[in-house]
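In case you want the letters, here they are:
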Protein chains: 2
Amino acid sequence: MQQYFLELEASASIPPTLVSLSQGDSHHLLTVLRARTGQEIYVVHQGQRYLARLVGERAGLAQLEVIQRIEVDTELPIQVTIACGLSKNDKLDTIVQKGTECGMASFQPVSLSRDVVRWKDGKSIQKIDRLQKIAQAASQQSKRLVVPRVSSLKTLDQWLQSVDDYDLKLVAYEEEAKQTTSYSLRQALSLGQKGQKMAIVFGSEGGLTQEEVDQLRAKGFITCSLGRRILRAETAPIYALAAISYQFE
Amino acid sequence: MQQYFLELEASASIPPTLVSLSQGDSHHLLTVLRARTGQEIYVVHQGQRYLARLVGERAGLAQLEVIQRIEVDTELPIQVTIACGLSKNDKLDTIVQKGTECGMASFQPVSLSRDVVRWKDGKSIQKIDRLQKIAQAASQQSKRLVVPRVSSLKTLDQWLQSVDDYDLKLVAYEEEAKQTTSYSLRQALSLGQKGQKMAIVFGSEGGLTQEEVDQLRAKGFITCSLGRRILRAETAPIYALAAISYQFE
């Protein structure tokens, strides 16, 4: 069944009996899907799903009657922030889209020294806005009740000033030299428990420098390996989220 | 370190001391990466990795001296065949590329009744060839020792005639009505063990029909659910392979 997020004022603790969809969602429901009066859909308000029924259209907006709350839980039992370097092309789009499907709680772009792309100051807000829209669409499609937050771009230094409230901090890092011992993902995840907050850092195609890894370690990050094969920049976060979902759900 | 697959005759049980790379790989190593004499790379022959050194060029082909065998295992402990319906756009490319990174052993395209695309007879061979090349490139990049085999397109009926030698047969299926009990992926994977052969079936965007699911069940396939969120056609196989790798490695 189709699902849309309601755009109500935050003060509305439950949706009123009659609600309108946003312009974009109304267009999707009425014009793209050609829904008819009486069709049932899901609407989400403040992390709760409700069954609703299309009753008409007013000024181009779909009018819905909210029928009842549906008990459902779609969120990972552990809140995961994915922090990534800036990859080329549409790789961050892929990470945000599929990361959302796999239960990511928030996405933090971080500029790292080996990134092959830089975001110009003027472009950064547009890019974040685009990623946030991708997260919204992916939440709708995967029927999540919460849209992951896409945070504004930070340097590693800046971001590391705000990581103290994560219970578990990991960095995906494959050291060719194997001078220090890394945890396997399984060992690393065994340190976490349901209800906690977790952050995992991934380099871009260029990877992380030894200095960045040292800086992360000094802030309590544990290096861990994602298995026997080398994963692409956009595959690694999806792999990790799938493993987390498998481990904790 | 860069890795290439050698194209030697099958009768060569170990590579000779001096080997050439293929034309494409030679171009990549010599022209794209601008490797110099003395540079070390990995070469793979019959599922074994060897350390080699660039010693020169002859008729455009990179000449390598094979130094020693490197003990390494990059394969999943369970052989997984991913069977998928025909999805739109480049979704099968994504599945084959990332499935290869995540350890898939082989890929079987299957035409299903709800597929939104059909492969014309004349195009099918080209498409398989393209997917096989993607698998080869992804194996190289993820440093696998085996290139997953991409099988030719079959109907579900045709394919189901050759599934008897899989030890574990799963189908990812989300029944809205929940009339029959599905296993969770965890429960389903607990039925498998290392060394076995496993097949998992995924619908395209259109999903599987009840008849197709019944047909699969009659052949011993177990329906299983991939967690709390609805995954896209191209995300589901990657999610499953990540979970399998996490479970068995």
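Residues numbered from 1 in each chain as written. Chains lettered and ligands numbered in written order. Predicted model: local features only at pLDDT ≥ 70, side-chain atom pairs only at ≥ 80, totals over all residues. Heavy atoms only, no water.

Participant: I'd like a rundown of the overall build of chain A, residues and numbers included.
Facilitator: Across its full length, chain A carries 7 helices and 13 strands. A principal-axis box enclosing the C-alpha atoms of chain A has dimensions of 65 × 40 × 35 Å. Classification of the 249 residues of chain A by burial places 53% in the buried group. Considering only intrachain contacts with a sequence separation of at least 6, the fraction spanning at least 24 residues in chain A is 73%. Carbon and sulfur atoms make up 46% of the accessible area of chain A, which totals about 11,800 Å². (Helix = DSSP H or I, 4+ residues; strand = E, 2+ residues; numbered from the N terminus. Buried < 20%, exposed > 50% of the residue type's maximum accessible area, 1.4 Å probe, protein only. Contact = heavy atoms within 4.5 Å. Areas by Shrake-Rupley, 256 points an atom, 1.4 Å probe, with all protein chains shown as cover.)

Participant: Mind laying out the relation of the copies chain B and chain A, listing which residues take part and the relevant values?
Facilitator: Taken as rigid bodies, chain B and chain A are interconverted by a rotation of 180° and an axial shift of 0.0 Å, the fit giving an RMSD of 0.0 Å. Taken together, the turn and the small shift mark the pair as related by a two-fold rotation axis. For chain B, the residue whose C-alpha comes nearest the rotation axis is alanine 243 of chain B, separated from it by 2.7 Å. Comparing interface residues between copies, 100% of those in chain B also lie at the interface in chain A; the contact surface is shared. (Least-squares fit on C-alpha atoms with pLDDT ≥ 70 in both.)

Participant: Quick rundown of the UniProt feature "domain: Ribosomal RNA small subunit methyltransferase E PUA-like" (unreviewed entry) in chain A? Include the residues and the values.
Facilitator: With numbering aligned to this structure, UniProt lists the feature "domain: Ribosomal RNA small subunit methyltransferase E PUA-like" (unreviewed entry) at residues 24-66 of chain A. The span residues 24-66 of chain A is 21% helix and 53% strand, and its two end C-alpha atoms sit 19 Å from each other. (UniProt positions renumbered as here; feature names shortened; annotations may be inferred.)

Participant: Tell me what's going on with the domain arrangement of chain A, and back it up with residues and numbers.
Facilitator: Residues and elements named next belong to chain A. Split by domain assignment, chain A resolves into domain 1 (3-70) and domain 2 (79-248). Look at where the C-alpha atoms of domain 1 and domain 2 centre, and you get two points 33 Å apart. The interface of domain 1 with domain 2 comprises 8 residues on the first partner and 8 residues on the second. For the pair domain 1 and domain 2, the summed buried area comes to about 710 Å², and 57% of that belongs to carbon and sulfur atoms. Taken together, the links from domain 1 to domain 2 amount to 0 salt bridges. Here domain 1 and domain 2 share 2 residue pairs in polar contact (both at pLDDT 80 or more) between them. Elements that contribute at least two residues to the side of domain 1 that touches domain 2 include exactly β1 (3-5) and β3 (40-45). (Domains from an automatic or database assignment. Buried area = accessible area lost by both parts, 1.4 Å probe. Salt bridge = Lys/Arg side-chain N within 4 Å of Asp/Glu carboxyl O. Polar contact = N/O pair within 3.5 Å; in protein donor to acceptor, adjacent residues only side chain to side chain.)

Participant: I'd like a rundown of the pattern of salt bridges, residues and numbers included.
Facilitator: What the rule picks out here adds up to 29 salt bridges over all chains. Taking the shortest distance from any N to any O, the salt bridge between arginine 69 of chain A and glutamate 71 of chain A comes out at 3.3 Å. Assessed through its relative accessible area of 41%, arginine 69 of chain A is described here as partly exposed. Residue class for glutamate 71 of chain A comes out exposed when judged on its relative accessible area of 66%. Where lysine 98 of chain B meets glutamate 234 of chain A, a salt bridge forms, and the shortest distance between an N and an O atom there is 2.8 Å. Of the two residues, lysine 98 of chain B sits in helix α2 (residues 91-101) while glutamate 234 of chain A sits in the loop between β13 (222-225) and α7 (236-248), which places them in two different chains.

Participant: Describe the environment of serine 245 of chain B, naming the residues involved and giving the relevant values.
Facilitator: When you line up the elements, serine 245 of chain B lands in helix α7 (residues 236-248). Taking the C-alpha atoms as reference points, serine 245 of chain B and glutamine 193 of chain B, separated by 52 residues in sequence, lie 12 Å from one another. When residues no more than four places from it in sequence are discounted, the contact partners of serine 245 of chain B are Arg229 and Tyr239 of chain A together with Leu76 of chain B.

Participant: Let's hear about the packing of aromatic side chains: which residues, and what values?
Facilitator: Under the criterion given, the structure shown has 5 aromatic pairs over all chains. Relative to tyrosine 246 of chain B, the ring of tyrosine 246 of chain A lies with its centre 6.4 Å away and its plane at 80°, an arrangement referred to as edge-to-face. Of the two residues, tyrosine 246 of chain A sits in helix α7 while tyrosine 246 of chain B sits in helix α7, which places them in two different chains. In this pair, the class of tyrosine 246 of chain A matches that of tyrosine 246 of chain B, namely buried. Ring geometry for tryptophan 159 of chain B against phenylalanine 221 of chain B: centres 5.8 Å apart, planes inclined by 55°, an arrangement best described as tilted. With tryptophan 159 of chain B in helix α4 (residues 156-160) and phenylalanine 221 of chain B in the loop between α6 (210-218) and β13 (222-225), the pair connects residues that are 62 residues apart, well separated along the chain. Judged on exposure class, the residue tryptophan 159 of chain B and its partner phenylalanine 221 of chain B are both buried. A connected cluster of aromatic rings, assembled from ring pairs, spans Trp159, Tyr166 and Phe221 of chain A. (Phe/Tyr/Trp six-rings, centres within 6.5 Å; stacked < 30°, edge-to-face > 60°.)

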